[in-house]
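Okay, here's what each chain looks like letter by letter:
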Amino acid sequence: KAGVTQTPRYLIKTRGQQVTLSCSPISGHRSVSWYQQTPGQGLQFLFEYFSETQRNKGNFPGRFSGRQFSNSRSEMNVSTLELGDSALYLCASSPRRGIERMNTEAFFGQGTRLTVV
Amino acid sequence: SQQGEEDPQALSIQEGENATMNCSYKTSINNLQWYRQNSGRGLVHLILIRSNEREKHSGRLRVTLDTSKKSSSLLITASRAADTASYFCATARGSYNTDKLIFGTGTRLQVFP
């Protein structure tokens, strides 16, 4: 079974530009979450999608948005990029099955390393 | 903001020694998970312990959970150079409506051959 796939792996953008990152979850997983990892703030929750609906959003400005498609693939978009948006963006998918769905691990992709210059 | 703190922030040991990492968290949880990250890559799930469990083993890993102290520890026995990585604890509040994880600050483990 293929793992979580994130594209692109590396990205360099200029301040003020916008960027779209993509995440394909493991087949059959309908829950997709996004995290931002920086040296200063560590791993921060961005948002979470399930069946094309955003269920939770972290404490990030409105410049950060996302969506999920009917095939569970997810994208996140950052508009008007700032230097501080440079980070590793990680996507995770989780299975949601029966009564165990509160105790399931998350499967992470390799991340997209975004550098804003 | 992050839920938990981990200590130590960094740990250096020789191969064959044991490594212990500690994690503290702030709110009630449904489960606590440990993840490993190699050099800025993706996170790999190591072990999950539920709030009603006190200890769990998986190979060379042993995890304990003390919900009264809101703390957990990860013990890696007989460490190997390949264990060199950053280790993160993550807590799940436990809801049918979310898979959100709140991560600790992480421990960087260096194992010297």
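Draft legend 1. Local environment of the overall build of chain A. When its secondary structure is counted, chain A shows 0 helices and 11 strands. Along chain A, helices (α) and strands (β) appear in the sequence β-β-β-β-β-β-β-β-β-β-β when read from the amino end. Radius of gyration (C-alpha) of chain A: 14 Å, near the 13 Å computed for a compact globule of 117 residues. Its C-alpha atoms give chain A principal-axis dimensions of about 45 × 25 × 25 Å. Looking at chain A as a whole, 50% of its 117 residues qualify as buried. Contacts spanning at least 24 positions in sequence make up 54% of the contacts within chain A whose residues lie at least 6 apart.

Draft legend 2. Fine view of the sheet that holds strand β8 (residues 74–78) of chain A. All names here are of chain A. Read from one edge of the open sheet, 4 strands run β1-β3-β8-β7, paired in antiparallel fashion. For this open sheet the edge positions go to β1 (5–7) and β7 (64–68), each flanked by a neighbour on one side alone. With strand direction ignored, the average angle separating the axes of adjacent strands in the sheet is 15°. Examined bridge by bridge, β1 and strand β3 (residues 19–24) share 3 bridges and lie antiparallel to one another. By the bridge assignment for β3, Thr5 is matched with Ser24.

Draft legend 3. Summary view of the sheet that holds strand β6 (residues 55–58) of chain B. Residue and element names in this part refer to chain B. Overall, antiparallel pairing links the 5 strands, which are arranged β1-β3-β8-β7-β6 in an open sheet. Of all the strands in the sheet, just β1 (5–7) and β6 have a single pairing partner and so form its edges. In this sheet, neighbouring strand axes are inclined to one another by 15° on average, regardless of whether the strands run parallel or antiparallel.

Draft legend 4. Structural view of the environment of A:Arg15. Residue and element names in this part refer to chain A. Positionally, Arg15 belongs in the loop between β2 (10–13) and β3. Judged by its relative accessible area of 55%, Arg15 is exposed. Setting aside residues no more than four positions away along its own chain, Arg15 makes contact with Leu81, Glu82, Leu83, Val116 and Val117.

Draft legend 5. Region of interest: the layout of surface pockets. Looking at the largest pocket, its volume works out to about 510 Å³. Lining the largest pocket are 27 residues; nearest its centre among them are A:Gln37, B:Ser86, B:Phe88, B:Thr105 and B:Arg108. Among the elements of the structure, β4 (31–38) and β5 (42–50) of chain A together with β2 (10–14), β9 (85–92) and β11 (107–112) of chain B are those that each provide at least two residues to the lining of the largest pocket. Residue contributions to the lining of the largest pocket peak at 4 residues, all from β11(B). Residues of the lining of the largest pocket, tallied by class, amount to 8 nonpolar, 17 polar and 2 charged.

Draft legend 6. Layout of the state of the cysteines. Residues and elements named next belong to chain B. In the structure shown here, the tally under the stated rule is 2 disulfides over all chains. Note that Cys23 is cross-linked by a disulfide to Cys89, the S-S spacing being 2.0 Å. Between Cys23 and Cys89 the sulfur-sulfur dihedral comes to about 70°; the bridge is accordingly right-handed. Taken as a pair, Cys23 in strand β3 (residues 19–24) and Cys89 in strand β9 lie far apart in primary sequence, 66 residues in all. With respect to burial, Cys23 and Cys89 carry one shared label: buried.

Criteria and cut-off values
- Residues numbered from 1 in each chain as written.
- Chains lettered and ligands numbered in written order.
- Predicted model: local features only at pLDDT ≥ 70, side-chain atom pairs only at ≥ 80, totals over all residues.
- Heavy atoms only, no water.
- Helix = DSSP H or I, 4+ residues; strand = E, 2+ residues; numbered from the N terminus.
- Rg over C-alpha atoms; globule rule 2.2 N^0.38 Å.
- Buried < 20%, exposed > 50% of the residue type's maximum accessible area, 1.4 Å probe, protein only.
- Contact = heavy atoms within 4.5 Å.
- Pairing = 2+ DSSP bridges.
- Axes fitted to C-alpha atoms, helices over the stretch in contact; angles between N-to-C directions.
- 1 Å grid on protein atoms, 1.4 Å probe; cavity = no way out; pocket = protein on both sides within 12 Å on 5 of 7 lines; lining within 4 Å.
- Points joined across faces, edges and corners; volume = space filled by probe spheres on them.
- Nonpolar A, V, L, I, M, F, W, Y, C, P; charged D, E, K, R; others polar.
- Disulfide = S-S within 2.5 Å.

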